[in-house]
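One letter stands for each residue in the lines below.
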Amino acid sequence: MKIVSRNEELLRDALSCIPQPSSRTSLASCNKLIRFEDISAAAFKIQCGVQKTPCMYSRLSKQYGMDIYLKKEFLQYTGSVKERGVLYLLMSLPQEQQRKGVIVASDSNFSMAVAYHASELRVPVFVIVPASTAPGRVRLCRDYGAMVISYGTASKDAQLHARRLAQENGYLYLEEEDSAVYLSGLGTVGLEMYEQVPKLDAVIFPAGGHCGLLAGSAAALKHLNPHISVIGVESESFPVLQQSLKAGHPTEDQACNNHHFYGDVSGVCFGSNSLQLTGKLVDKVVAVREEDILISMLRLLEYERATVDAEGAIGLAALVAGKLPELKGKRVAVVICSGNLELHLLQQCIARALTLDNRVCTFSLVISDCPADMSKLLEILAREEARVLDIKQERTFVTSELFTVEVICTVETRDKMHTAQLRNALLERYPRAAWSER
């Protein structure tokens with residue numbers, strides 16, 4: 001069930017007169033999709049319900065040769081920028097519908113934002129999730145004040161049950177889509193960034209299938225300053241937005257699997273309104289590898305003390321991967337939009353990122369099975385200032401000469417140069433040492 005308001009009617013009417021993506025159009029006609037006044041009204045209405053998050057200069061700036069400002073939307077109460085669109089959407093509902101309540105059917109950032117803000121507005125809220133949902137997400141939704149019901153084994157089961165309950169009880173079934181109300185709420189991010197960072201040259205947003213943040217914020221930024229470059233970033237594994245822009249209509253990437261690591265980045269393209277805005281107002285869409293996203297997460301954790309998920313880190317990943325060389329020396333803002341990384345993934349992501357960053361490595365070598373040789377190996381590692389994470393000795397299945405032991409060692413180094421230095425020192429002493437490449 002979609003929410004139709006006067007703004008939605010304006011947006012839908014504008015779509016019918018928009019030329020094809022290949023033809024050129026003026027900025028004024030682009031902004032008919034969402035009026036700047038709609039975004040300003042949303043900002044005024046939600047200002048007491050969401051955080052005006054900081055947009056701070058980053059210590060990563062020198063490393064990447066530009067002035068980087070991070071818009072820290074992961075500091076919202078539920079850890080996601082989706083709160084902006086959700087709160088404005090809920091506040092725009094008729095009072096009668098607010099009294100009856102709303103229902104959602106997923107464990108996404110959108111659902112958590114609905115659970116929290118509906119409870120704050122005293123709107124009855126129900127969240128239907130499949131049995132496979134992570135217990136942490138279920139607990140959070142309950143803590144926010146929602147009635148959480150586990151139903152079925154797949155997302156489609158939960159959605160069908162939610163629709164049935166909505167029809168039987170008069171609840172409003174909500175799903176993330178691109179109504180003008182929702183996009184206007186998300187667009188307030190662009191409004192704030194323009195106020196917080198003067199003389200911006202470019203702004204980088206997460207993209208993917210759910211590109212409402214990119215589209216809504218682009219409408220605000222391009223109205224305020226058409227010269228600001230607006231860039232979207234999506235995963236190479238799920239280039240949904242690029243495929244949809246090329247086709248001229250929303251498409252579904254066959255590889256999309258909605259893996260919890262990617263979140264909404266891997267979702268299907270959910271609306272033509274966002275797609276039209278993106279095609280008209282966004283200057284560039286680039287794709288990054290999973291490895292770049294992981295290293296971006298590591299950089300944010302180390303330099304900004306920010307624990308974010310893939311959706312939150314993907315914008316910075318474009319700079320980490322060197323995908324935007326034209327921004328060197330420029331003033332660039334990056335939206336860190338989400339920090340809801342599940343705990344069981346956190347350790348895996350950090351370990352994998354350290355390996356990709358050439359800071360955790362494994363080697364094996366064969367030495368004499370006597371304490372003196374083991375002591376010598378440890379002495380070399382201590383001299384090279386390598387931190388030993390794990391060390392194993394294999395005696396039974398060693399195929400070399402008798403009375404030898406195979407040592408398998410995992411160590412942590414400072415950086416790629418330190419790793420190369422350690423490798424050379426070991427090969428000098430143990431020419432047959434085997435180094436495991438990442």
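Scroll up to find the structure this text is about.
The sections below set out a description of the structure shown in this document.

Rules and cut-offs
- Residues numbered from 1 in each chain as written.
- Predicted model: local features only at pLDDT ≥ 70, side-chain atom pairs only at ≥ 80, totals over all residues.
- Heavy atoms only, no water.
- Phe/Tyr/Trp six-rings, centres within 6.5 Å; stacked < 30°, edge-to-face > 60°.
- Helix = DSSP H or I, 4+ residues; strand = E, 2+ residues; numbered from the N terminus.
- Buried < 20%, exposed > 50% of the residue type's maximum accessible area, 1.4 Å probe, protein only.
- Salt bridge = Lys/Arg side-chain N within 4 Å of Asp/Glu carboxyl O.
- Core = buried A, V, L, I, M, F, W, Y, C linked by side-chain atoms within 4.5 Å.
- Contact = heavy atoms within 4.5 Å.
- Axes fitted to C-alpha atoms, helices over the stretch in contact; angles between N-to-C directions.
- Parallel < 35°, antiparallel > 145°, perpendicular 65-115°, else oblique.
- Left-handed = near helix turned anticlockwise from the far one by under 90°.
- Pairing = 2+ DSSP bridges.

### Remarks on the packing of aromatic side chains
Item 1. Overall, the coordinates contain 7 aromatic pairs when judged by the stated rule.
Item 2. Centroid distance Tyr 57 to Tyr 69: 5.5 Å. Interplanar angle 70°. Geometry classified as edge-to-face. Here the residue Tyr 57 occupies a position in strand S1 (residues 55-57), and Tyr 69 occupies one in strand S2 (residues 67-72), the gap between them amounting to 12 residues.
Item 3. The exposure class assigned to Tyr 57 is partly exposed, which follows from its relative accessible area of 44%.
Item 4. A relative accessible area of 15% means that Tyr 69 is categorised as buried.
Item 5. Ring centres 4.3 Å apart and planes at 15° place the aromatic pair Tyr 77 and Tyr 116 in the stacked group. Here Tyr 77, found in the loop between S2 and helix H5 (82-91), pairs with Tyr 116, found in helix H7 (residues 109-120); they are 39 residues apart in sequence, far enough to count as distant.
Item 6. Tyr 116 gets classed as buried once you look at its relative accessible area, which sits at 13%.
Item 7. Site record: aromatic cluster; members linked through ring pairs are Tyr 77, Tyr 116 and Tyr 144.

### Focus on the pattern of salt bridges
Item 1. Taken as a whole and assessed by the stated rule, the structure comprises 22 salt bridges.
Item 2. Arg 84 is the salt-bridge partner of Glu 73, the closest N and O atoms lying 2.8 Å from each other. In this pair, Glu 73 sits in the loop between S2 and H5 while Arg 84 sits in helix H5, placing the two residues 11 residues apart along the sequence.
Item 3. Between Arg 359 and Asp 357 there is a salt bridge, with the nearest N and O atoms lying 3.2 Å from each other. One exposure class covers both Arg 359 and Asp 357, and it is buried.

### Focus: the nonpolar core
Item 1. Core analysis: the biggest nonpolar cluster contains 44 residues, and Ile 204, Phe 261, Ile 293, Leu 319, Leu 327 and Val 334 have the highest contact counts within it.
Item 2. Of all the secondary-structure elements, those providing two or more residues to this core are S2, strand S7 (202-206), strand S8 (229-235), strand S9 (284-288), helix H14 (290-304), helix H15 (310-320), strand S10 (331-336) and helix H16 (343-356).
Item 3. If you tally residues by element for this core, the top one is H15, at 8 residues.
Item 4. When neighbours within four sequence positions are excluded, Ile 293 is seen to be in contact with Phe 261, Tyr 262, Val 288, Ala 310, Ala 313, Ile 314 and Ala 317.
Item 5. Core analysis: the second largest hydrophobic core is formed by 34 residues, Ile 39, Met 193, Leu 214 and Cys 337 among them.

### What to know about the packing of helix H17 (residues 371-383) against helix H18 (residues 416-429)
Item 1. At their nearest, the axes of H17 and H18 sit 10 Å apart, and the two run at 155° to each other. Regarding the angle of H17 to H18, the classification is roughly antiparallel. Seen from above, H17 lies across H18 with right-handed handedness. Together, Lys 376, Leu 377, Ile 380 and Leu 381 of H17 and Leu 422, Leu 426 and Arg 429 of H18 make up the contact between the two elements.

### Focus: the sheet that holds strand S6 (residues 172-173)
Item 1. With respect to topology, 4 strands assemble into an open sheet ordered S5-S4-S3-S6, the strand pairing being parallel. Looking along the sheet, the strands with just one partner apiece sit at the ends: strand S5 (147-150) and S6.
Item 2. Of the pairings in the sheet, the one linking strand S3 (residues 102-104) to strand S4 (residues 125-129) comprises 3 bridges and is parallel in character. Bridge pairing links Val 104 to Val 127 in S4.

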